[in-house]
Amino acid sequence: PSSIPMTAILHAVAAGNSVVLKPSEKSTMVGLLIKELFKQAGFPEGTLEVLIGDGEVGKNLSQAPGVDKMVLTGSVRAGQNLVKQTLHRLTPLTLELGGKDAAIVLPDADIEFTARGLVWGAFMNAGQACASIERAYIVRGPRTEKLLSAIVAKTKALKVGSPEDLSTDVGPLIDGRQLANVVAQVEQAVSTGAKVLAGGEVLEELGGYFMAPTVVTDVDESRAYMREETFGPVLWVSVVDSLEEAIRYANHSAFGLTASVWTAYPQAASAVASRLKVGTVYVNDCIFSHAAPELPWGGTKLSGLGLTHGRDGLLEMVRLKNTNFNNT
């Protein structure tokens with residue numbers, strides 16, 4: 001709620017624009033604090049204004065005269081609605097609409113390092129990141145069971161609790177609706193033959209929207225839980241027989257934000273990366289590049305349009321003009 005709009009705002013301002021921020025109604029205070037930061041930093045009055053409200057406020061903003069560009073981070077439905085709302089004016093859009101990000105794990109991958117990376121990538125921010133690792137495709141090998149055991153052990157060791165407690169590893173989901181959505185996906189998976197290796201339960205004793213970090217295996221690629229964004233603390237694991245199968249499943253998603261490849265030979269991973277239909281591929285890492293402002297950020301397919309961050313993100317905030325002179 002802070003870093004995502006802040007990057008777009010700073011790019012827009014650097015390019016000479018003034019900005020109106022409409023934060024999510026679920027993170028209103030963050031939006032107001034961003035405005036306060038701009039005031040404290042000495043930006044001129046009117047450089048940044050903040051509008052508070054729900055989707056109806058965003059709809060009205062999208063149809064307001066004088067809007068030269070709109071940047072949205074949200075759901076696919078929100079992005080599709082914004083396209084419809086701005087169609088009559090052909091307002092330029094940059095859309096980041098989420099992901100169902102896949103990790104491909106080769107048989108040579110280091111067990112300890114890979115298990116730590118997958119667990120962090122899946123459960124950071126309780127899985128509520130567009131670039132969270134939601135699907136893991138482990139290419140079958142002699143150490144597959146050891147890797148699964150390491151993933152499960154590290155998942156079970158995570159402490160769930162209040163974000164105000166510095167010993168907490170995983171906090172709550174944003175609200176009851178999102179918690180119910182995640183639980184429903186896990187229940188659907190179990191009802192169709194999947195196995196929960198860790199977690200799976202709502203932690204009602206914590207008095208909030210808390211769910212135990214969950215690892216599910218024996219998944220069914222044809223089911224909705226493997227196609228729709230989970231956006232919660234669940235890692236869906238599939239052990240596959242070949243690298244070709246892993247790449248095919250990873251690309252089968254309607255989303256295309258990020259993917260990762262885990263291997264002891266990172267130089268060889270470039271061949272895999274070139275075949276993955278996503279905006280960013282990590283080798284032996286995940287998520288971090290969103291915090292690297294020099295690197296472009298954006299996805300393919302239903303994950304969105306355009307780019308933020310880096311030189312490419314800056315150019316999204318200007319209208320290029322070609323001026324030709326005949327000096328004869």
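Just above, that's the structure.
Residues numbered from 1 in each chain as written. Predicted model: local features only at pLDDT ≥ 70, side-chain atom pairs only at ≥ 80, totals over all residues. Heavy atoms only, no water.

**Here we look at the sheet that holds strand S8 (residues 214-217)**
Basically, it comes down to this: For two strands to pair, DSSP has to find at least two bridges joining them. Secondary structure elements follow DSSP: runs of H or I of four or more residues count as helices, runs of E of two or more count as strands, with numbering from the N terminus. Angular values range over 0 to 180 degrees, each being the angle between N-to-C directions of two axes fitted as lines to C-alpha atoms, with helices fitted over their stretch in contact.
Within the open sheet, the seven strands sit side by side as S7-S8-S9-S6-S5-S11-S12. Their pairing is mixed. Each edge of the open sheet carries a strand with a single partner, namely strand S7 (195-198) and strand S12 (280-283). Strand-to-strand, the axes of this sheet are offset by a mean angle of 25°, without reference to chain direction.

**Topic: a nonpolar patch on the surface**
Where we set the bar: Candidate patch residues must exceed 30% relative accessible area and have no salt bridge, after which like charges are joined if within 9 Å and Val, Leu, Ile, Met, Phe, Trp or Tyr side chains if within 5 Å. The Shrake-Rupley method, run with a 1.4 Å probe, gives the accessible areas here. Residue values count only the displayed protein chains as cover. Here, a salt bridge means any Lys or Arg side-chain nitrogen found within 4 Å of an Asp or Glu carboxyl oxygen.
Taken together, the side chains of Met29, Leu32 and Ile52 define a hydrophobic patch exposed on the protein surface, amounting to about 280 Å² of accessible area. Note on placement: Ile52 falls in the loop between strand S2 (48-50) and helix H3 (55-62).

**Section: empty space enclosed by the protein**
The cut-off we apply is this: Cavities and pockets are found on a 1 Å grid laid over the protein atoms alone: a cavity is a set of points where a 1.4 Å probe fits but cannot escape, a pocket is an open set with protein on both sides within 12 Å along at least five of seven lines, and a lining residue has an atom within 4 Å of such a point. Grid points are joined across faces, edges and corners, and a volume is the space filled by probe spheres set on the points. Here the term charged refers only to Asp, Glu, Lys and Arg, the term nonpolar to Ala, Val, Leu, Ile, Met, Phe, Trp, Tyr, Cys and Pro, and the term polar to all other amino acids, Gly among them.
By the definition in use, this model includes two cavities of 30 Å³ or more. As a volume, the largest cavity reaches approximately 90 Å³. Surrounding the largest cavity, 14 residues form its lining, Leu106, Pro107, Ala109, Arg143 and Leu147 being those nearest its centre. When residues of the lining of the largest cavity are traced back to their parent elements, those giving at least two are helix H5 (111-123), strand S6 (133-139) and helix H6 (144-156). Partitioned by chemical class, the residues of the lining of the second largest cavity number seven nonpolar, four polar and three charged.

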